[in-house]
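One letter stands for each residue in the lines below.
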Amino acid sequence: MADPKNTRERLIKAAIRAIEKEGESGVRIRDICKATNTTAPSVYNFFGDRLGLIRAAQASRYRLPLATLQHDFAEAVYLCKSKNEFTKIVHQILEVIYSEKRKPVRSKRVNVLGNAQSDRLLARELASIHDGINKVAAEPIRYAQAKKWIDEDFNPQMFYSWLVGTLNGRALIDLDGTHPEYDDWDFIAKRAVCRLLGIDEPKPTKKPRRNQTTK
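Below or above, wherever it landed, is the structure these notes cover. (Residues numbered from 1 in each chain as written. Predicted model: local features only at pLDDT ≥ 70, side-chain atom pairs only at ≥ 80, totals over all residues. Heavy atoms only, no water.)

1. Some remarks on the overall build of the protein chain
Counting its regular elements, the protein chain contains nine helices and zero strands. Starting at the N terminus and ending at the C terminus, the protein chain contains elements arranged as α-α-α-α-α-α-α-α-α. Its C-alpha atoms give the protein chain principal-axis dimensions of about 65 × 50 × 25 Å. Residues counted as buried form 45% of the 215 residues belonging to the protein chain. Total accessible area on the protein chain stands at roughly 12900 Å², and carbon and sulfur atoms take up 52% of it. Computed over 38 positive and 27 negative side-chain charges, the separation of the two mean positions in the protein chain equals 2 Å. (Helix = DSSP H or I, 4+ residues; strand = E, 2+ residues; numbered from the N terminus. Buried < 20%, exposed > 50% of the residue type's maximum accessible area, 1.4 Å probe, protein only. Areas by Shrake-Rupley, 256 points an atom, 1.4 Å probe, with all protein chains shown as cover. Lys, Arg positive; Asp, Glu negative; His and termini not counted. Charge placed at Lys NZ, Arg CZ, Asp CG, Glu CD.)

2. Points about the packing of helix α4 (residues 50-78) against helix α7 (residues 120-146)
α7 packs onto α4 with a crossing angle of 0° between their chain directions and a minimal axis gap of 10 Å. Viewed along their axes, α4 and α7 adopt a mutual orientation that is roughly parallel. (Axes fitted to C-alpha atoms, helices over the stretch in contact; angles between N-to-C directions. Parallel < 35°, antiparallel > 145°, perpendicular 65-115°, else oblique.)

3. Regarding the pattern of salt bridges
In this structure the tally under the stated criterion is 16 salt bridges. Taking the shortest distance from any N to any O, the salt bridge between Lys190 and Glu95 comes out at 2.8 Å. Of the two residues, Lys190 sits in helix α9 (residues 182-197) while Glu95 sits in helix α5 (residues 83-97), which places them 95 residues apart along the sequence. Each of Glu100, Lys103, Arg106, Arg170, Asp174 and Asp186 takes part in salt bridges that share partners, so that together they form one network. (Salt bridge = Lys/Arg side-chain N within 4 Å of Asp/Glu carboxyl O.)

4. Comments concerning the packing of α4 against helix α8 (residues 156-170)
For the pair α4 and α8, the least separation of the axes is 13 Å and the interaxial angle reads 120°. By the angle class used here, α4 and α8 are oblique. Both α4 and α8 take part in a crossing whose hand is right-handed. Across from Tyr62, Leu66, Leu69 and Gln70 in α4, the residues of α8 making contact are Tyr160, Val164, Leu167 and Asn168. Grouping the amino acids of the contact of α4 with α8 by side-chain chemistry returns six nonpolar, two polar and no charged. (Left-handed = near helix turned anticlockwise from the far one by under 90°. Contact = heavy atoms within 4.5 Å. Nonpolar A, V, L, I, M, F, W, Y, C, P; charged D, E, K, R; others polar.)

5. Quick notes on the environment of Cys80
Following the sequence through the fold, Cys80 ends up in the loop between α4 and α5. For the pair Cys80 and Ser161, spaced 81 residues apart in sequence, the C-alpha to C-alpha distance is 23 Å. Sequence-distant contacts of Cys80, defined by excluding residues within four places in its chain, comprise Glu85, Phe86, Ile89, Tyr143 and Trp149.

6. Brief notes about the nonpolar core
Membership of the largest hydrophobic core comes to 38 residues, with the highest contact counts inside it found for Phe73, Phe86, Leu94, Ile97, Tyr98, Ile150 and Leu197. Taken together, the elements giving at least two residues each to this core come down to α4, α5, α6 (103-116), α7, α8 and α9. Ranked by the residues each element gives to this core, the list is headed by α7, at eight residues. Ignoring sequence-local partners within four residues, the contact set of Tyr98 consists of Arg106, Leu163, Thr166, Leu167, Arg170, Trp185, Asp186, Ala189, Lys190 and Val193. Within the second largest apolar cluster, 17 residues are counted, among which are Ala14, Ile54, Ala56 and Ala57. (Core = buried A, V, L, I, M, F, W, Y, C linked by side-chain atoms within 4.5 Å.)

7. Looking at the side chain of Gln157
As for its position among the elements, Gln157 is in helix α8. A residue is classified by how much of its surface remains accessible, and Gln157, at 18% relative accessible area, is buried. Gln157 has contacts with Asp131, Asn134, Lys135, Ala138 and Arg142, leaving out every residue within four places of it along the chain.

8. Considering α7
Across its 27 residues, α7 extends 38 Å between first and last C-alpha, which sits within 8% of the 39 Å expected from 1.5 Å per residue. Of all the bends in α7, the greatest, near 25°, is centred on Glu139, and the proline Pro140 appears no more than four residues after it. Capping of α7 at its N-terminal end is provided by Asp119; its side-chain oxygen lies 3.1 Å from the backbone amide nitrogen of Leu121. Just beyond α7, the residue with positive phi is Lys148, at close to 65°. (Expected span 1.5 Å × (residues − 1). Bend = angle between axes of the 7 residues up to and from the residue. Polar contact = N/O pair within 3.5 Å; in protein donor to acceptor, adjacent residues only side chain to side chain.)

9. Points about the state of the cysteines
Evaluation of the coordinates by the stated rule reveals zero disulfides. No disulfide involves Cys194; its nearest neighbouring cysteine sulfur is the one of Cys80, lying 14 Å away. (Disulfide = S-S within 2.5 Å.)

The quantities given are spatial measurements derived from coordinates; they are silent on function.
Right, dumping it as structure tokens:
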């Protein structure tokens, strides 16, 4: 007998593939069932209707990259033995999350947020996802605070929520391909994070441009 949890996940994954290929209009029950070797009643049983399946797929598209990021960061932090090691981990994670390679992930997240503006149930689901991830992601930050590696005068849970906000904001300069000054945006974001934490800033890969007043 098929595992219900496995069947549900297969349906969600098939819906995600359809969304990323054709958008939400590409999620067709007949095609999804064919791709997963299931029947329409399974979709209605797990998700209520087609919109419920789309909502679950969108929520999964949004949650998985953030949950993976949070998990990897936490594992690395708990292995740290000193502030220097923690600082190195922060620098490494900042290099990853603001990188050009993460552009598709940022685009996907913004796409889901856009859909949530007209779908209150999806918006509530994303809010719940954020609350859960923020609570878990706050723990390695609290751990670093307890070790006196970083400042203690901020809320770790809201710090992570703010950090995700900067990731979504990075999408603004991704809109029209690679922005010619993306490295300056990254420099500002990394500096802001490190100054808030109270750790050394990473050295910029190249000298950041400064605003020059025309004489």
